[in-house]
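The lines below spell out each chain.
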Amino acid sequence: CGRPAGAEDEEFAFSAECAYFEGHPERTPAAMAELWGQADSWPRKEFRARTEEGHAIIAAAPEGSIGYLRWNACVNSACPGGSAACVGHIFVSSSHRRKGIAQQMMTAFFKQAADEGFRTACLSVEAWNHSARSLYLKLGFTDAGEVLIKTLEAH
C-alpha cells in the first residue's frame with residue numbers, strides 16, 4: 001500500500017490537509033480554500049516540496065486515493081543525534097479507516113526513511129487522538145514528551 005504522490009494528487013492532498021483542520025477556529029473551510037487557491041500558499045508549497053523529495057505517499061483503492069502521508073527531515077532535540085524523519089501529516093478517508101491503511105503507509109514510510117539513512121522517526125499527535133496514539137505505540141513509537149519517537153531498522 002502506498003505509491004509516491006504526484007501532481008495529480010494535489011487536490012486529494014488539499015482535502016486531507018483540510019480534514020486535519022476541521023473545527024479549527026482560524027482554519028475554516030473557506031480560509032483553507034482561499035489559502036489553497038494561492039499559488040504560493042504553505043499547503044501547496046509543502047505538498048510540492050514533499051512530492052519533489054519523494055516524501056509524500058498516497059494510498060489508493062480502485063475508487064481512487066484514500067490515504068496521504070507526508071514527511072520530511074527535521075531536527076529535534078528529543079531524537080538521538082538530533083535529526084529524524086518526521087511525519088508531518090497522515091490522513092485516511094473516513095470510509096477506509098480501521099482497515100490497516102495508516103499502518104501500511106507508516107510501514108512504507110519506515111522503509112523509505114531507513115533506506116535514505118534515517119535511524120529515527122518522529123511525529124506529534126494530539127493527546128485527544130487516542131486511536132492514532134494507540135497505532136503509533138503499536139508500531140513501536142515511544143513517548144518522548146512533545147513527540148513520539150521510533151528507532152528505524154536499517155534495510
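As a reminder, the structure under discussion sits directly above these lines.
Only a predicted model underlies this, so the values are computations on that prediction, with no experimental measurement involved.

Draft legend 1. Highlighting the pattern of salt bridges. As enumerated under the stated definition, the model contains nine salt bridges in all. When the shortest N-O distance is used, the salt bridge between R48 and E10 registers 3.1 Å. In this pair, R48 sits in helix α3 (residues 42-53) while E10 sits in helix α1 (residues 10-20), placing the two residues 38 residues apart along the sequence. Overlapping salt bridges, with partners in common, bring together E46, R50, E53 and R70 in one network.

Draft legend 2. Broad picture of the side chain of R70. As for its position among the elements, R70 is in strand β3 (residues 64-75). Residue classification places R70 among the buried positions, given a relative accessible area of 8%. A distance of 3.3 Å separates a polar atom in the side chain of R70 from a polar atom in the side chain of E46. Discounting chain neighbours no more than four positions away, the residues touching R70 are E17, E46, R50, H55, A56, C86, V87, G88 and H89.

Draft legend 3. View of the sheet that holds strand β4 (residues 83-92). Pairing in this open sheet of seven strands is mixed, and the strands run β1-β2-β3-β4-β5-β7-β6 from one edge to the other. The two strands at the open ends of the sheet, each matched to only one other strand, are β1 (3-4) and β6 (142-143). By the bridge criterion, six bridges tie strand β2 (residues 56-61) to β3 in an arrangement that is antiparallel. Bridge pairing in β3 places A61 opposite G64.

Draft legend 4. Structural context of the pairing of β4. In terms of burial, β4 is a largely internal element, seven of the 10 residues being buried. Sheet analysis places β3 next to β4, joined by nine bridges and oriented antiparallel. If you follow V75 over to β4, its bridge partner there is S83. One ladder, built from two bridges, connects β4 with strand β5 (residues 120-123); its direction is parallel. When the bridges of β5 are listed, A85 appears paired with A121.

So, how was this worked out
- Residues numbered from 1 in each chain as written.
- Predicted model: local features only at pLDDT ≥ 70, side-chain atom pairs only at ≥ 80, totals over all residues.
- Heavy atoms only, no water.
- Salt bridge = Lys/Arg side-chain N within 4 Å of Asp/Glu carboxyl O.
- Helix = DSSP H or I, 4+ residues; strand = E, 2+ residues; numbered from the N terminus.
- Buried < 20%, exposed > 50% of the residue type's maximum accessible area, 1.4 Å probe, protein only.
- Polar contact = N/O pair within 3.5 Å; in protein donor to acceptor, adjacent residues only side chain to side chain.
- Contact = heavy atoms within 4.5 Å.
- Pairing = 2+ DSSP bridges.

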